[in-house]
Amino acid sequence: MYEKSGWLKEVFPWEQKTIEVNGRTMAYVDEGPADARPVLLLHGNPTWGFLYRDFIDPLVKAGYRAIVPDWIGSGYSDHPRNDAAFSMAHHIADLVSMIDQLGLQGFVIVGQDWGGPQGVGAAMQRLERLDALVLMNTWLFTDYVGKFHQSPLPWTTWHAPLIGQLLMKRFKVLSHGGVSAISRREMSERETRAYHHVYDEPDSDHVVLTWPRTIPLRDGDRGWDDMQMIQRRLPELGKVPTLLLWAPEDNVFPIEYANRLKELLPHAEGPILFDRAAHFLQDDRGADLVAAMIPFLNRAVGASI
Amino acid sequence: MKFVTPSAEELSYLRSDPLLWEQELDVRPLVAESIERAAGKRAGRIYWRSAHDHLYTLELADLGRGRPSMAMVYGMWDRYEPRPPEHEIDGDLIDLCTWVAEVSDTLDPSHLSRVLGHAGIKPSWPAGSVVRSPEERFANLPDFSYPPQYVEIEGLRMAYVTSGDGAPILMLHGEPTWGYLYRKMIAPLAKLGRVVVPDLIGFGRSDKPIAANAYSYRSHARWLRRFIEALDLRQITLVCQDWGGLLGLRVLAAMPDRFTRLVAMNTAIPDGRGLSEGFMRWRRFVMRKSSLDASAVVKMTLSNAKLSDAEAAAYNAPFPSAEYQAGALAFPRLVPIRPDFPGAYDNRVAIERLRTLDLPVLLPWGDADPVLGKLEPELRAIFRNVAPPLTINGAGHFVQEDAGKEIAGHIATWINNNK
């Protein structure tokens, strides 16, 4: 367990526990009754569990157990300096390890950005224990790529060989600028700092660079095979209640991504659309998103296992 | 980017500081292959000297995948000096990345500059890292009413005064003085040419970075080169003393075509050997100090002249507090005192270059200087075309104070004889 500094406790009061996954320490928030239905809230790049701060109390009040891990390399988890630690397969194996060690049954995966493919990828390893799925501005396929991820301004330039090392690690353009820059509301200084401070240390933001490089654009890209495998297995989720919550104003995963997900998961409910929200919709509209999610969960699976 | 091949000797005097570690150079194989083509190797090191004169190396590693697949970038710093200012490293690494974008068919350097622009990344001196001595401290300087002029060098304001017309006579001061030191020599020599008297960065009216690592032998030499280029000085008669010579002689070796004559007084181009006990005492003294009384230093070494209170105040004018003295406190430390100091190596290279020059040299030398008084023969041995010894009897280290008028007269005669 980590003792957080006072300023952070004021905006993120929950105790963070730790668990060892594949030899590295993963930090996570675990609130609500141990026997309640676990809801795994999974962030992406370049955020950490802080992104879900508006989700935790409402879920617990509704009787659920909210579990918010920080992926290895981010937040309060270990930040190894070895880029090889950050393949999609590693991230997925880390979450599987956590699911196993905590003995989670009947869990719900809530994923945005990398939380989508890594969460679903892990759930596919433990399908018998997955009861519901909520996806927000993410993707699970290789056959549609939007403009953003193909554009050199700024995306492919940001993470080009050597150039990415300078921009992402020395200048921290994403870890120190990514969230606050596209916020659709007034983020307080403390909130901005909460996102940035986990990447204050030099050489702490390897994952911020390896994630963009893992996005599969074409065959041969790292992440291509893993994402193809996920897409191929999507029919196995046909009976898992699924809800799409979407911010159509997000440049990274615009509505075309939701449409493609609907084609691949035709049984999914939604997408319920949220305006006044960009890529980090949990930060822009957290309270509204969780308010839309809880009735779905109550109806589809309920808080008790 | 211009690659260089540093000698094994030079490399042995530098320390390598890891700056970028690209573990995934071949995450985009086409880029890795372009770098291999441009570098001319799949594994091993290439070196280049940056816009800031720092030496860098890019080390490629072939991990057996048929292309360079890992890359390390190191700064090669003076092993006895702190890491240079971060914004200089930022700028140099941007230049490296621009090169990567240029040599790669799949990247565009204009994209990189737009991304940097959008992120607001423009490496320069951070706010508060540079101070400027208040103008009012320079009011009523005795015998020095030349209006200051300014030129911007790497984001720093460098001050100078001029007088006269014609081919430039560039006068370089040293530690811990400023252009004021030359006030007795400007008027007589302005009859022969355009006298240009700059204040070194960290001195006089020039801007003063407050961090010790802003100052190095190389950065001073670079600033001075840029100053000469900015004013486009050609056919220069260089007049120098103390650090003015340590720097001026280096710059002369780097751009000899711009110089036609050299007057060096009580100075040196140290290669790490033969430093006097007087200098070592002075060096130890300053390295213990956190502030320096500039006028006391000048007064202490004078033998003939006496400083009036107003003249003493003029020497202290640039330094309202110790915060303004990082440059003055750094100078003694920056003298290469042993042969294995990187600055000593640089000077040995410069000396070899100076030996090849035919320009006329005059060495007026104060013989009552405990620090540099005995070093005239060292400089004399370097040059081919040196005037007979010109000992300024009884003059101390600051010959310009003790015998400025007299020396100006000698220089004028000598210039007229060497037209």
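Our structure's up above, just so we're on the same page.
Each value, and the rule that gives it
- Residues numbered from 1 in each chain as written.
- Chains lettered and ligands numbered in written order.
- Predicted model: local features only at pLDDT ≥ 70, side-chain atom pairs only at ≥ 80, totals over all residues.
- Helix = DSSP H or I, 4+ residues; strand = E, 2+ residues; numbered from the N terminus.
- Expected span 1.5 Å × (residues − 1).
- Bend = angle between axes of the 7 residues up to and from the residue.
- Buried ≥ 20, exposed ≤ 12 C-beta atoms within 10 Å, placed from the backbone.
- Contact = placed C-beta atoms within 7 Å.
- Pairing = 2+ DSSP bridges.
- Axes fitted to C-alpha atoms, helices over the stretch in contact; angles between N-to-C directions.
- Nonpolar A, V, L, I, M, F, W, Y, C, P; charged D, E, K, R; others polar.

### What to know about helix α13 (residues 281–300) of chain A
Residues and elements named next belong to chain A.
- With 20 residues, α13 should reach 28 Å at 1.5 Å per residue; the first-to-last C-alpha distance of 23 Å falls well below that figure.
- Along α13, the sharpest change in direction is near 65° and occurs at A287.
- Those residues of α13 not exposed but buried are L281, Q282, D283, D284, R285, L289, V290, M293 and L297.
- Looking at the packing, one finds that the buried side of α13 touches α2 (53–61), β5 (107–112), β6 (130–136), α8 (178–181) and β7 (242–246).
- Of the residues one or two after α13, G302 is the one with positive phi, at around 80°.

### Here we look at the sheet that holds strand β2 (residues 14–22) of chain B
Residue and element names in this part refer to chain B.
- Pairing is antiparallel across the open sheet formed by 5 strands, whose spatial order is β1-β3-β4-β5-β2. Taken across any chain shown, the strands that pair with only one partner, and hence form the sheet edges, are β1 (3–4) and β2.
- Lying on the sheet, helix α2 (residues 29–39) is in contact with β3 (44–49), β4 (55–62) and β5 (68–78); it crosses β5 at an angle near 50°.

### Describing the interface of chain A and chain B
- Listed by partner, the interface residues are 19 residues for chain A and 24 residues for chain B.
- Counting residues per element, the ones that place at least two in the side of chain A that touches chain B are α6 (152–158) and α7 (163–170) of chain A.
- Of the residues assigned to the side of chain A that touches chain B, the class counts are 12 nonpolar, 3 polar and 4 charged.

### Some remarks on the sheet that holds strand β1 (residues 16–21) of chain A
Residue and element names in this part refer to chain A.
- Strand order in the open sheet formed by 8 strands is β1-β2-β4-β3-β5-β6-β7-β8, with mixed pairing between adjacent strands. The outermost strands of the open sheet, each flanked by one partner alone, are β1 and β8 (269–273). Averaged over all neighbouring strand pairs, the angle between strand axes comes to 20°, with direction disregarded.
- Taken together, the 4 bridges between β6 and β7 define a ladder with parallel strand orientation. By the bridge assignment for β7, V134 is matched with L243.

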